[in-house]
Amino acid sequence: MRPTRKKTLLKTLLYAILIGYAFITFYPFLWAVAASFKPLREITGGDLSLISENFTIEQYEYLFSPSSGSMFMQWLSNSIIISVIGTTINLFLNTMAGYSLARLHYPGRQKLYYGILAMMMVPSQVLLIPNYLIIKNMGMLDSFSALILPAAVNIGNIFMMRQFFMSFPKDVEEAATIDGLSRTGVFFKIVMPLAKPSIATQAVFVFMAFWNNFMSPMLYIHSPEKFTLTLGLQTLQRAEAGGTLWNRVMAASIITIIPIVILYIIFNRYFLQGVRMDGEK
């Protein structure tokens, strides 16, 4: 067998395996989408097909209709508010902290950096009780502040931004300084625009962390009208005394995925985008 033909066969086999594996892993998601349009009897009957014989949008109408008594739209609004505000604060603070550790010179900077590295090794579960007591003593229980302020900075992202700015060419900043920009002006007008790929990657992961957070809302939020989507989904699962309405749960779950997909589509082009930093002005 010729080497070229053998290589082609191996490549074809590899693609076949990868396509088969992708279908196996993607099928449960497709079934969840299909189940959201099925009557409950089809789901509980063990039907695994993707095409429903009794296609219905009843569950979506229930979730989005104010007259149905559903609080889903309120939960969706709460999650969007918390995630957007929390992500915005994180982007600024993490980026500024990373820039400070990489560029500014002040007493104790290296010790602060080592302290941040040490804190990265502390499991978040260890801090659950101390955080709860602090939030309770500050009177922030059952408020959005309890979800946003404790997560206003992320140590991992500070480290990532610090590493990015360590390789950031100083010539660009020096040229901007010669043109009359202050340190603040250099940061906001030169550094941040050129750091878009790192900031975009950070934005996706921070937004996902806020959006998918379940533990903090469960500990700090008690009023149903202040629930986030993660807490609301749990409520939907136990809302019916006669059993869980899985088609309704599936419909709500699919809707919660949409913002993450949209965010990824928007920022995807920045992930592998190289930044040209050759000092051009």
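It should be emphasised that the depicted structure is a prediction, and the values quoted were computed from it without experimental measurement.

## Some thoughts on helix 11 (residues 196-212)
It helps to recall that an α-helix has 3.6 residues per turn; residues three or four apart then point in one direction. Across its 17 residues, helix 11 extends 24 Å between first and last C-alpha, which sits within 8% of the 24 Å expected from 1.5 Å per residue. Most of helix 11 is tucked away: twelve of the 17 residues are buried. Every buried residue of helix 11 is accounted for by Pro-197, Ser-198, Ile-199, Ala-200, Thr-201, Gln-202, Ala-203, Val-204, Val-206, Phe-207, Phe-210 and Trp-211.

## So, empty space enclosed by the protein
Rolled over the atoms, a probe with the dimensions of a water molecule shows which regions are left empty. By the definition in use, this model includes one cavity of 30 Å³ or more. Here the largest cavity defines a volume of roughly 70 Å³. Taken together, Ser-79, Ile-82, Ser-83, Leu-147, Phe-210, Trp-211, Asn-213, Pro-217 and Thr-228 form the lining of the largest cavity. Those elements that place two or more of their residues in the lining of the largest cavity are helix 4 (72-103) and helix 11. Here the lining of the largest cavity takes three residues from helix 4, the largest share from any one element. Among the residues forming the lining of the largest cavity, the class breakdown is five nonpolar, four polar and no charged.

## Examining the environment of Val-191
Structurally, the position occupied by Val-191 is in helix 10 (residues 183-194). C-alpha of Val-191 to C-alpha of Tyr-99: the two residues are 92 residues apart in sequence and 9.0 Å apart in space. Ignoring any residue separated from it by four or fewer positions in sequence, one finds Val-191 in contact with Tyr-99, Phe-165, Phe-168, Glu-173 and Val-186.

## A few points about the layout of surface pockets
In this model, the largest pocket occupies a volume close to 940 Å³. Along the walls of the largest pocket sit 28 residues, with Ser-124, Asn-131, Pro-150, Ala-151 and Val-153 positioned nearest its centre. Of all elements in the fold, only helix 6 (128-137), helix 7 (145-148), helix 8 (155-166), helix 11 and helix 12 (215-220) reach the threshold of two or more residues within the lining of the largest pocket. Ranked by residue count, the leading element in the lining of the largest pocket is helix 11, at four residues. Across the lining of the largest pocket, the residue classes break down as 19 nonpolar, nine polar and no charged. Along its surface, the second largest pocket is lined by Ala-102, Arg-103, His-105, Lys-170, Glu-173, Glu-174, Thr-177, Arg-183 and Val-186. Mapped onto the lining of the second largest pocket, the elements with two or more residues apiece are helix 4, helix 9 (170-178) and helix 10. Top contributing element to the lining of the second largest pocket by residue count: helix 9, with four residues.

## A short note on a nonpolar patch on the surface
Among the surface-exposed residues, Phe-26, Phe-29, Ile-257, Val-261, Tyr-264 and Ile-265 lie close enough to one another that they form a single nonpolar patch of about 550 Å² accessible area. Of all elements in the fold, only helix 1 (3-35) and helix 14 (246-271) reach the threshold of two or more residues within the nonpolar patch. Top element by residues in the nonpolar patch is helix 14. It accounts for four residues. With respect to the element layout, Ile-265 can be found in helix 14. With relative accessibility at 59%, the residue Ile-265 sits in the exposed group.

## Description of the confidence of the model for the protein chain
With 93% of its residues at a pLDDT of 70 or more, the protein chain shows a mean pLDDT of 85. Overall, residues 274-281 carries pLDDT values under 50, and its contacts beyond four positions in sequence, including any with other chains, amount to nine contacts.

## Looking at the environment of Phe-168
As for its placement among the helices and strands, Phe-168 is situated in the loop between helix 8 and helix 9. Overall, Phe-168 belongs to the buried group, its relative accessible area being 2%. Each C-alpha atom of the pair Phe-168 and Trp-246 lies 51 Å from the other, and the pair is 78 residues apart in sequence.

## Some remarks on the side chain of Ser-198
Structurally, the position occupied by Ser-198 is in helix 11. A relative accessible area of 13% places Ser-198 in the buried class. If sequence neighbours within four positions are ignored, Ser-198 has contacts with Met-160, Met-161 and Phe-164.

## What to know about the nonpolar core
Formed by 35 residues in total, the largest nonpolar core has its most connected members in Leu-63, Phe-72, Trp-75, Trp-211, Leu-229, Leu-236 and Ala-252. Secondary-structure elements contributing two or more residues to this core are helix 1, helix 3 (58-64), helix 4, helix 7, helix 11, helix 13 (229-237) and helix 14. With eight residues, helix 14 is the single largest residue contributor to this core. Judged by nonpolar contacts, the second largest core, of 16 residues, contains Val-172, Val-186, Met-192 and Ala-195.

Rules used in this analysis
Residues numbered from 1 in each chain as written. Predicted model: local features only at pLDDT ≥ 70, side-chain atom pairs only at ≥ 80, totals over all residues. Heavy atoms only, no water. Helix = DSSP H or I, 4+ residues; strand = E, 2+ residues; numbered from the N terminus. Expected span 1.5 Å × (residues − 1). Buried < 20%, exposed > 50% of the residue type's maximum accessible area, 1.4 Å probe, protein only. 1 Å grid on protein atoms, 1.4 Å probe; cavity = no way out; pocket = protein on both sides within 12 Å on 5 of 7 lines; lining within 4 Å. Points joined across faces, edges and corners; volume = space filled by probe spheres on them. Nonpolar A, V, L, I, M, F, W, Y, C, P; charged D, E, K, R; others polar. Contact = heavy atoms within 4.5 Å. Patch = residues over 30% accessible without salt bridge, like charges linked within 9 Å, V, L, I, M, F, W, Y side chains within 5 Å. Areas by Shrake-Rupley, 256 points an atom, 1.4 Å probe, with all protein chains shown as cover. Salt bridge = Lys/Arg side-chain N within 4 Å of Asp/Glu carboxyl O. pLDDT = per-residue confidence, 0-100. Core = buried A, V, L, I, M, F, W, Y, C linked by side-chain atoms within 4.5 Å.

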